[in-house]
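Per-entry structural report
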Amino acid sequence: MFGALIASLDNPQAMAALIGVLGMEGLDERLEKAAAAEAMEPADYLAVVVRSFLETASDDDFVQLVGIMNRAEDPGLAAVRSILRKTVMEQGTL
């Protein structure tokens with residue numbers, strides 16, 4: 001399920017639905033702004049951010065992510081929410 005979610009991130013409709021479900025206030029505006037700065041569509045930018053995290057995450061990051069997923073009702077959403085908090089919200093990527 002998580003793999004299917006990651007694979008769908010560059011789909012604008014999937015991205016819009018995901019943002020609505022994640023409940024991260026202001027995420028859509030921040031994605032639009034950051035995507036425009038990179039001359040990308042918001043869905044493509046979101047996909048790049050999440051996939052880049054997964055490709056470059058440390059072992060500690062993965063252990064934390066697995067722990068979050070194990071405790072979550074919806075592991076895929078919890079993982080994406082955690083990744084966006086770490087890459088977007090805490091580091092000010094957007």
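Look up: the structure comes first, before these words.
Residues numbered from 1 in each chain as written. Predicted model: local features only at pLDDT ≥ 70, side-chain atom pairs only at ≥ 80, totals over all residues. Heavy atoms only, no water.

Attention now moves to the overall build of the chain. Scanning the chain from terminus to terminus reveals six helices and zero strands. The N-to-C order of helical and strand elements in the chain reads α-α-α-α-α-α. The globule rule puts the C-alpha radius of gyration for 94 residues at 12 Å, and the 12 Å found for the chain is close to it. Counting over 94 residues, the chain shows a buried share of 38%. Taking the intrachain contacts of the chain between residues at least 6 apart in sequence as the baseline, contacts between residues at least 24 apart amount to 66%. Put simply, the chain shows about 5,500 Å² of open surface, and 52% of that area lies on carbon and sulfur atoms. In the chain, 7 side chains carry a positive charge and 15 a negative one; their mean positions are 6 Å apart. (Helix = DSSP H or I, 4+ residues; strand = E, 2+ residues; numbered from the N terminus. Rg over C-alpha atoms; globule rule 2.2 N^0.38 Å. Buried < 20%, exposed > 50% of the residue type's maximum accessible area, 1.4 Å probe, protein only. Contact = heavy atoms within 4.5 Å. Areas by Shrake-Rupley, 256 points an atom, 1.4 Å probe, with all protein chains shown as cover. Lys, Arg positive; Asp, Glu negative; His and termini not counted. Charge placed at Lys NZ, Arg CZ, Asp CG, Glu CD.)

The subject of this paragraph is the side chain of serine 82. With respect to the element layout, serine 82 can be found in helix α6 (residues 75-89). Aside from chain neighbours lying at most four places away, what touches serine 82 is Leu65 and Ile68.

On to helix α4 (residues 42-56), then. Across its 15 residues, α4 extends 21 Å between first and last C-alpha, which sits within 8% of the 21 Å expected from 1.5 Å per residue. For α4, the full list of buried residues reads Ala43, Tyr45, Leu46, Ala47, Val49, Val50, Phe53 and Leu54. (Expected span 1.5 Å × (residues − 1).)

Applying the stated criterion across every chain, the model contains two salt bridges. With a shortest N-O distance of 3.5 Å, lysine 86 and aspartate 61 are connected by a salt bridge. Taken together, the positions of lysine 86 in helix α6 and aspartate 61 in helix α5 (residues 59-71) put the pair 25 residues apart, joining distant regions of the chain. For lysine 86, a relative accessible area of 24% corresponds to the partly exposed category. Among the residues examined, aspartate 61 registers a relative accessible area of 18% and is labelled buried. (Salt bridge = Lys/Arg side-chain N within 4 Å of Asp/Glu carboxyl O.)

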